[in-house]
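Spelled out, the chains give:
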Amino acid sequence: MIEERFDAIVVGAGMGGNAAALTMAERGLKVLQLERGEYSGSKNVQGAILYADMLEKLIPNFREDAPLERHLVEQRFWIVDECSHTGLHYRSDDFNEEKPNRYTIIRAQFDKWFSEKVREAGATVLCETTVTELLQDSHGRVVGVRTDRNGGEIHADVVVLAEGVNGVLGTRAGLRGRPEPDKVALAVKEMHFLSRETIDARFNLKGDEGLVIEAAGTISRGMTGMGFIYSNKECISLGIGCLVADFQRTGETPYGLLEGFKRHPSVAPLIEGSEVKEYSAHLIPEGGYKAIPQLCGEGWVVVGDAAQLNNAIHREGSNLAMTSGRIAAEAICLIKSRKDPMTAKNLSLYKKLLNDSFVIKDLKKYKDMPALLHTHSQNFFLTYPQLFSKAMQDYVRVDGTPKLEREKLMLNSFIKARSWSGLFSDALRIARAWR
Amino acid sequence: MPSEPSQRVEDKLFYNRYLVDSGRAHIKVRPHTTPSSRLLSMLKACPARCYELNDKGHVEVTVDGCMECGTCRVICAESGDIEWSYPRGGFGVLFKFG
């Protein structure tokens, strides 16, 4: 039993937990951070892309010593069918700037570095400690945590739940439900090692330039999902994710999809001859705005993936985690400085500040997108990619068919697959959900 | 659809580091006579292929290769088909890259 009492306990050492612990420790709060992994980062899985702006707000000079992989100069979006991809590529030399905007990172290494900053700021970080439940008083107020270390009751004024997408504590305490199969995606990923020169040559990169490929289409076999390829310095992160409900419904296997993606003729040459050094799996919150649970209560707040804060459309999650962690911590520090108690009413300041930030504003913007994509996955992830790929092939293949005839055939194939009203309503629904 | 040899999963898990907490499985399947459709879906949906059907037609879980993703919790915990918790501190999968 730890006799000491803390101002705040942070459960978890991912992006949200580290942001919260750092912010509170820097402002003089007595902070305990608990992490179940052997070190901070050893349980954390992400693609991963780091967004500089949100980290700069926490650690302005992070570029000096953070383990960054490559800064991104190119983004490729692919629509794929069985043997082709149609790409939209954006590359700009503007991204070779003094302070680049996005980097690829390797989470286990990055989080270890981030955790050092948390320790330097004065927080106590205790690893290899799994929190098993929240301690609640007779009024249901959260007053601390119980851990799996001997007799491990620890008390604090407030508990920051940064336990990740699959957090169990909030559910056990009845503060929020379990994630539902149609509101989380399962992603699997492999780390493919190649020499730096090989990666540079295959992706047309030099120096620390990096690139991202995101692919949607037949690789997800009609399920809502997408594949990704991120270039690191000496390895490639390659993975694919689909909605858990879709895996449950179709009986497809995650590793089967991954192998299929790797075998795709547009992908296979990129990883040829690589040495795989890790296989990981992780859930991603996909429910958007409508899946956000209660964000705070008596003696607790929830941040990051645990609060399902993820922008699936822009594939932003870690920055929402960092920002929500920082904002929660700022709210707690403000309440503390006023010597006010950590009541639900006072902690609702966090919710208010988060509502005013890009985090909730962005999620609100796309609030109808998850329902649209999740319920029409066959159309958006199979039928349209196939039609689109066929149309592209017809457009570029020259075989003496008159162009007018060809265009008519192309249009007919779309109408046959989706009908006029289907095409019209799909377009309308996307426009509405995007707005 | 092409079917992939299931052997591949074991090969993939071989890349990973684990510290197995012997005798303390963090996932438990509720004893059953006939597995529910949710439990049966885990035979395919688990990315580490931890779930298998035994000779008696029961679904069993072996957590040694578990990557702690939570997919089975999402599908099977609400109905009580399984009990899910995290491994004890320090145990389980140890990602080098994550």
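Residues numbered from 1 in each chain as written. Chains lettered and ligands numbered in written order. Predicted model: local features only at pLDDT ≥ 70, side-chain atom pairs only at ≥ 80, totals over all residues.

**Things to note about the overall build of chain B**
Moving on, step 1. A count of helices and strands for chain B gives three helices and six strands.
Moving on, step 2. In terms of overall dimensions, chain B is globule-like: its C-alpha atoms have a radius of gyration of 14 Å, near the 13 Å expected for 98 residues.
Moving on, step 3. Taken along its principal axes, the extent of the C-alpha atoms in chain B is 40 × 35 × 25 Å.
Moving on, step 4. Each of the 98 residues in chain B was classed as buried or not, and the buried ones make up 40%.
Moving on, step 5. In chain B, the proportion of contacts linking residues at least 24 apart, taken out of those at least 6 apart, comes to 69%. (Helix = DSSP H or I, 4+ residues; strand = E, 2+ residues; numbered from the N terminus. Rg over C-alpha atoms; globule rule 2.2 N^0.38 Å. Buried ≥ 20, exposed ≤ 12 C-beta atoms within 10 Å, placed from the backbone. Contact = placed C-beta atoms within 7 Å.)

**Concerning the interface of chain B and chain A**
Moving on, step 1. Of the residues lining the interface, 34 residues belong to chain B; the matching set on chain A comes to 46 residues.
Moving on, step 2. Of the residues assigned to the side of chain B that touches chain A, the class counts are 17 nonpolar, eight polar and nine charged. (Nonpolar A, V, L, I, M, F, W, Y, C, P; charged D, E, K, R; others polar.)

**Some thoughts on the confidence of the model for chain B**
Moving on, step 1. On average, residues of chain B score 93 in pLDDT, and 93% of them reach the 70 mark or higher.
Moving on, step 2. Within the model, the stretch residues 1–6 of chain B combines pLDDT values under 50 with six contacts to residues more than four positions away or in other chains. (pLDDT = per-residue confidence, 0-100.)

**Considering the nonpolar core**
Residue and element names in this part refer to chain A.
Moving on, step 1. With 146 residues, the main nonpolar core has Ala8, Ile9, Val11, Val159, Val160 and Val301 as its most contacted residues.
Moving on, step 2. Residue contributions to this core peak at eight residues, all from helix α9 (residues 318–337).
Moving on, step 3. Ignoring anything within four residues of it in the chain, the contact list for Val159 reads Ile9, Val11, Leu134, Val142, Gly144, Val145, Gly299 and Trp300. (Core = buried A, V, L, I, M, F, W, Y, C linked by C-beta atoms within 7 Å.)

**Topic: the packing of helix α13 (residues 377–396) of chain A against helix α14 (residues 403–434) of chain A**
Residues and elements named next belong to chain A.
Moving on, step 1. Remark: α13 packs on α14, axes separated minimally by 10 Å, with the N-to-C direction vectors making an angle of 155 degrees. The pairing of α13 with α14 is recorded here as roughly antiparallel in orientation. α13 and α14 meet at a crossing whose hand is left-handed. When α13 is examined against α14, the residues Asn379, Thr383, Leu387, Lys390, Ala391 and Asp394 are found in contact with a partner set consisting of Arg406, Met410, Ser413, Phe414, Ala417, Arg418 and Asp426.
Moving on, step 2. Class assignment of the residues belonging to the contact of α13 with α14 gives a composition of five nonpolar, three polar and five charged. (Axes fitted to C-alpha atoms, helices over the stretch in contact; angles between N-to-C directions. Parallel < 35°, antiparallel > 145°, perpendicular 65-115°, else oblique. Left-handed = near helix turned anticlockwise from the far one by under 90°.)

**Things to note about the packing of helix α1 (residues 15–26) of chain A against α9 of chain A**
All names here are of chain A.
Moving on, step 1. Remark: α1 packs on α9, axes separated minimally by 7 Å, with the N-to-C direction vectors making an angle of 30 degrees. It follows from the interaxial angle that α1 and α9 lie roughly parallel. Our pair here, α1 against α9, has a crossing hand that is right-handed. When α1 is examined against α9, the residues Met15, Gly16, Gly17, Ala19, Ala20, Thr23 and Met24 are found in contact with a partner set consisting of Ser318, Ala321, Met322, Ser324, Gly325, Arg326, Ala328, Ala329, Glu330, Ile332 and Cys333.
Moving on, step 2. Of the residues in the contact of α1 with α9, the class split is 10 nonpolar, six polar and two charged.

**Regarding the domain arrangement of chain A**
All names here are of chain A.
Moving on, step 1. Entries for chain A in the domain assignment read domain 1 (5–67 + 106–177 + 290–365), domain 2 (184–285) and domain 3 (369–434).
Moving on, step 2. Computed from C-alpha atoms alone, the centre-to-centre distance between domain 1 and domain 2 is 29 Å.
Moving on, step 3. Counting from both sides, the interface comprises 11 residues of domain 1 and, opposite them, 11 residues of domain 2.
Moving on, step 4. In terms of residue class, the side of domain 1 that touches domain 2 is built from five nonpolar, five polar and one charged. (Domains from an automatic or database assignment.)

**What about α1 of chain A?**
Moving on, step 1. For α1 of chain A, with 12 residues, the first-to-last C-alpha span of 16 Å sits near the 16 Å given by 1.5 Å per residue.
Moving on, step 2. With 11 of its 12 residues buried, α1 of chain A lies for the most part within the structure. (Expected span 1.5 Å × (residues − 1).)

**What about the UniProt feature "domain: FixC-like C-terminal" (unreviewed entry) in chain A?**
Moving on, step 1. According to UniProt, the "domain: FixC-like C-terminal" (unreviewed entry) feature falls on residues 369–435 of chain A.
Moving on, step 2. Across residues 369–435 of chain A, helical content stands at 88% and strand content at 0%; the span's end C-alpha atoms are separated by 10 Å. (UniProt positions renumbered as here; feature names shortened; annotations may be inferred.)

**Observations regarding the pairing of strand β5 (residues 85–91) of chain A**
Residues and elements named next belong to chain A.
Moving on, step 1. Two strands pair when backbone bridges link them, and strand β4 (residues 68–80) and β5 are joined in this way by seven bridges, in the antiparallel orientation. Paired with Glu74 across the bridge in β5 is Arg91.
Moving on, step 2. Taking the residues between adjacent antiparallel strands as the criterion, β4 and β5 are bridged by four residues. (Pairing = 2+ DSSP bridges.)

**Notes on the environment of Met410 of chain A**
All names here are of chain A.
Moving on, step 1. Structurally, Met410 is set in helix α14.
Moving on, step 2. With 16 C-beta atoms packed within 10 Å, Met410 lands in the partly exposed category.
Moving on, step 3. Met410 sits 41 residues away from Met369 along the chain, and the two C-alpha atoms are 28 Å apart.
Moving on, step 4. Setting aside residues up to four positions removed in sequence, Met410 forms contacts with Ala391 and Asp394.

**Some remarks on the pairing of strand β13 (residues 225–231) of chain A**
One face of the sheet, then the other: side chains in a regular strand alternate in exactly this way.
Residues and elements named next belong to chain A.
Moving on, step 1. Burial analysis of β13 places seven of its seven residues in the buried class, which makes it a mostly covered element.
Moving on, step 2. Of the two faces of β13, both are covered, the one formed by Gly225, Gly227, Ile229 and Ser231 as well as the one formed by Met226, Phe228 and Tyr230.
Moving on, step 3. With four bridges joining them, strand β12 (residues 209–217) and β13 adopt antiparallel strand pairing. Within β13, the residue paired with Ala215 across the bridge is Gly227.

**Regarding unusual backbone geometry**
Residue and element names in this part refer to chain A.
Moving on, step 1. Looking along the chain, the bond that leaves Gly47 and enters Ala48 is cis, with omega of 10 degrees.
Moving on, step 2. With respect to the helices and strands, the residue Ala48 is situated in the loop between β2 (31–34) and β3 (49–51).
Moving on, step 3. The phi angle at Asn204 is positive, at roughly 60 degrees, despite the residue not being glycine.
Moving on, step 4. Within the secondary structure, Asn204 sits in the loop between α5 (196–203) and β12.
Moving on, step 5. On the basis of neighbour counts, which here come to 11 C-beta atoms within 10 Å, the residue Asn204 falls in the exposed class.
Moving on, step 6. Positive phi values are uncommon outside glycine, yet Lys339 reaches one of about 60 degrees.
Moving on, step 7. You can see Lys339 is positioned in the loop between α9 and α10 (344–355).
Moving on, step 8. Of the residues examined, Lys339 has 6 C-beta atoms within 10 Å and is grouped as exposed.

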